[in-house]
Amino acid sequence: MECAETLLGLVPGGEMVKFGKHGSDATSAAIKLARAFTGRDLIAICEDHPFFSVDDWFIGLTPMNAGIPKAVRELTLKFRYNDLNSLRELFAANPSRIAAVMLEAERDQQPRPGFLQELKELCAKEGAVLVFDEMITGFRWANGGAQQFHKVVPDLSTFGKAIGNGFSVSALVGRREIMRLGGLDHDRERVFLMSTTHGAEYHALAAAIETMRIYHEEPVVETLWRRGRMLSEGICRVVDDLKLNDYFQVKGRPCCLAYATLDQDRKASQSFRTLFLQETMCRGLLMPSLVISYSHSDDDVHRTIDGIADALQVYRRALVEGIDHYLKGRPVKPVFRKFNWVS
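Only a predicted model underlies this, so the values are computations on that prediction, with no experimental measurement involved.

*Asks:* Help me get a handle on the overall build of the protein chain, residues and values and all.
*Replies:* Broken down by element type, the protein chain carries 12 helices and nine strands. Taken over C-alpha atoms, the radius of gyration comes to 21 Å for the protein chain, in line with the 20 Å a tight globule of 343 residues would show. Each of the three principal axes of the protein chain carries a C-alpha extent, and together these read 70 × 45 × 40 Å. Per-residue burial over the protein chain gives 49% buried out of 343 residues. Within the protein chain, contacts between residues at least 6 apart in sequence are counted, and of these 70% link residues at least 24 apart. For the protein chain, the exposed surface amounts to about 17,200 Å²; the carbon and sulfur share of it is 50%. Here the protein chain holds 43 positive side-chain charges and 44 negative ones, and the gap between their average locations is 4 Å.

Here you go:
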């Protein structure tokens, strides 16, 4: 109860909450609730956002859809971020059939002015439940997540990762009218919302309470933004000095940065990503992403910039001389691929 009240006090769209153990618990529960609430089957997800769940309703749309029936795969549709017409077309092609619209409020690309509000209005008009996946944006963009940052409150939202600072806890939060269907206080058909074998272990909830207390009492989010801005600006200076702007790019908000590696043709390259990972690891940096932590110091940021500067020197030479002269071993592969070994 204490954990629930603390979380609901932070999240603007929080009227009720259900706790789980990992993100897929929460996102799949959101889909089930939306279907129960609307009596519809179809789901629309943003195709520009890479991951929503380990469950069939999402994985069925990836290249790794072996074992998932075609009938299940056909229940999930895709629209484009910042492209409201792509969602309007789905509603027009499937009148009164879409139960929920799920997306991250923001990822590497910022929402165009008015997009999220217009999205919310469109969902309300069409009778669909709007779901924000706040696994990444929650406790980073603001204490109350991207919905607080952008001042757009969804019907349901899902949180994980940061809420327990690494402990196994996630949360589905939202409007009472929808959330109550997962409980006992209603006269509609019962919803088997979520069941976790280890739901009764409480140290994760204790960790979440303490984590949220620290967020409330200390400038965690402000520090993420400040140090992230320092990191981004430092890397961009290095990239500019090396004239690599067309080949290595920093993306995202300062509080949650990512990077893109491009080849000689300015196309996304797993080979050059592998080279960059290889060279940063050699310099004591483990950085598949650039996500800043409250535990990082200013010195850590400066050390990271210096290590990246050295790694990009090698990256630059590989662009000119060929990556085979510098890359050791096989390039990393995309997670979602049809077969284990692909050329």
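There's plenty left to go through after this.
*Asks:* Quick one: what's the story with helix H12 (residues 298-321), residue by residue and with numbers?
*Replies:* Compared with the 34 Å implied by 1.5 Å per residue over 24 residues, the 35 Å span of H12 between its first and last C-alpha is a close match. Listed as buried for H12 are Val301, Thr304, Ile305, Gly307, Ile308, Ala311, Leu312, Val314, Tyr315, Ala318 and Leu319. In the stretch just after H12, Gly322 is the one whose phi turns positive, near 105°.

*Asks:* Which residues make up the side chain of Asp263, and what values go with them?
*Replies:* Topologically, Asp263 is positioned in the loop between strand E9 (258-261) and helix H11 (270-282). For the buried residue Asp263, which engages in no salt bridge, the nearest side chain bearing the opposite charge is Lys267, 6.9 Å off. Of note is the side chain of Asp263, whose polar atom sits 2.9 Å from the backbone nitrogen of Asp265. Dropping the residues within four chain positions of it, Asp263 is found in contact with Tyr247, Ser269, Phe272 and Leu319.

*Asks:* Now, about the environment of Gly39: what can you tell me, with residues and values included?
*Replies:* Locating Gly39 in the fold gives a position in the loop between helix H2 (23-38) and strand E2 (42-46). Its relative accessible area of 66% is what places Gly39 among the exposed residues. For the pair formed by Gly39 and Ile98, sequence separation is 59 residues and the distance between their alpha carbons is 9.4 Å.

*Asks:* Lay out the nonpolar core with the relevant residues and their values.
*Replies:* Formed by 55 residues in total, the largest nonpolar core has its most connected members in Leu7, Phe276 and Leu312. For this core, the elements supplying multiple residues, two or more each, are helix H1 (2-10), strand E7 (170-174), helix H9 (203-217), helix H10 (220-241), H11 and H12. When near neighbours in sequence (up to four residues on either side) are disregarded, Leu7 contacts Val17, Phe19, Phe139, Ile163, Ala171, Val173 and Met212. Counting 28 residues, the second-largest nonpolar core is a separate cluster that includes Leu33, Phe58, Ala100 and Leu156.

*Asks:* Give a description of the pairing of E2 that names residues and reports values.
*Replies:* On a regular strand, each side chain points to the face opposite its neighbour's, so the side chains alternate between the two faces of the sheet. For E2, a buried count of five out of five residues is recorded, marking the element as mostly surrounded by other parts of the structure. Alternating positions in E2 separate into two faces, Leu42, Ala44 and Cys46 on one and Ile43 and Ile45 on the other, with burial throughout. Examined bridge by bridge, E2 and strand E4 (residues 98-103) share four bridges and lie parallel to one another. In the strand pairing of E4, Ile45 is matched with Met102.

*Asks:* Please provide a residue-by-residue account of the layout of surface pockets, values included.
*Replies:* Its volume calculated, the second largest pocket comes out at about 280 Å³. The wall of the second largest pocket is formed by 15 residues, among which Leu285, Leu286, Met287, His296 and Thr304 lie closest to the centre. Considering each element in turn, the lining of the second largest pocket owes the most residues, four residues, to H12. Looking at side-chain class alone, the lining of the second largest pocket contains nine nonpolar, four polar and two charged residues.

*Asks:* Break down the packing of H11 against H12 for me, citing the residues and quoting the values.
*Replies:* The interhelical angle for the contact between H11 and H12, taken along N-to-C directions, is 140°, at an axis separation of 9 Å. Between H11 and H12, the angle is such that the two are oblique. Read as a crossing pair, H11 and H12 show a hand that is right-handed. Across the interface between the two elements, Phe272, Leu275, Phe276, Glu279 and Thr280 of H11 pack against Ile308, Ala311, Leu312, Val314, Tyr315, Ala318 and Leu319 of H12. Each residue belonging to the contact of H11 with H12 can be placed in one class, and the counts come to 10 nonpolar, one polar and one charged.

*Asks:* Give me the lowdown on H9, citing residues and values where you can.
*Replies:* Taking 1.5 Å of rise per residue, the 15 residues of H9 would be expected to cover 21 Å, and the 21 Å separating its terminal C-alpha atoms lies within 8% of that figure. Among all positions of H9, only Ala204, Leu205, Ala207, Ala208, Thr211, Met212 and Tyr215 are buried. Buried residues of H9 fall within an arc of 155° about the axis and therefore sit on the same side. Opposite its buried face, H9 presents the exposed residues His216 and Glu217, each directed more than 90 degrees away. Contacts made by the buried residues of H9 are with H1, strand E1 (16-20) and H10.

How each quantity is defined
- Residues numbered from 1 in each chain as written.
- Predicted model: local features only at pLDDT ≥ 70, side-chain atom pairs only at ≥ 80, totals over all residues.
- Heavy atoms only, no water.
- Helix = DSSP H or I, 4+ residues; strand = E, 2+ residues; numbered from the N terminus.
- Rg over C-alpha atoms; globule rule 2.2 N^0.38 Å.
- Buried < 20%, exposed > 50% of the residue type's maximum accessible area, 1.4 Å probe, protein only.
- Contact = heavy atoms within 4.5 Å.
- Areas by Shrake-Rupley, 256 points an atom, 1.4 Å probe, with all protein chains shown as cover.
- Lys, Arg positive; Asp, Glu negative; His and termini not counted.
- Charge placed at Lys NZ, Arg CZ, Asp CG, Glu CD.
- Expected span 1.5 Å × (residues − 1).
- Salt bridge = Lys/Arg side-chain N within 4 Å of Asp/Glu carboxyl O.
- Polar contact = N/O pair within 3.5 Å; in protein donor to acceptor, adjacent residues only side chain to side chain.
- Core = buried A, V, L, I, M, F, W, Y, C linked by side-chain atoms within 4.5 Å.
- Pairing = 2+ DSSP bridges.
- 1 Å grid on protein atoms, 1.4 Å probe; cavity = no way out; pocket = protein on both sides within 12 Å on 5 of 7 lines; lining within 4 Å.
- Points joined across faces, edges and corners; volume = space filled by probe spheres on them.
- Nonpolar A, V, L, I, M, F, W, Y, C, P; charged D, E, K, R; others polar.
- Axes fitted to C-alpha atoms, helices over the stretch in contact; angles between N-to-C directions.
- Parallel < 35°, antiparallel > 145°, perpendicular 65-115°, else oblique.
- Left-handed = near helix turned anticlockwise from the far one by under 90°.
- Arc of directions from axis to C-beta.

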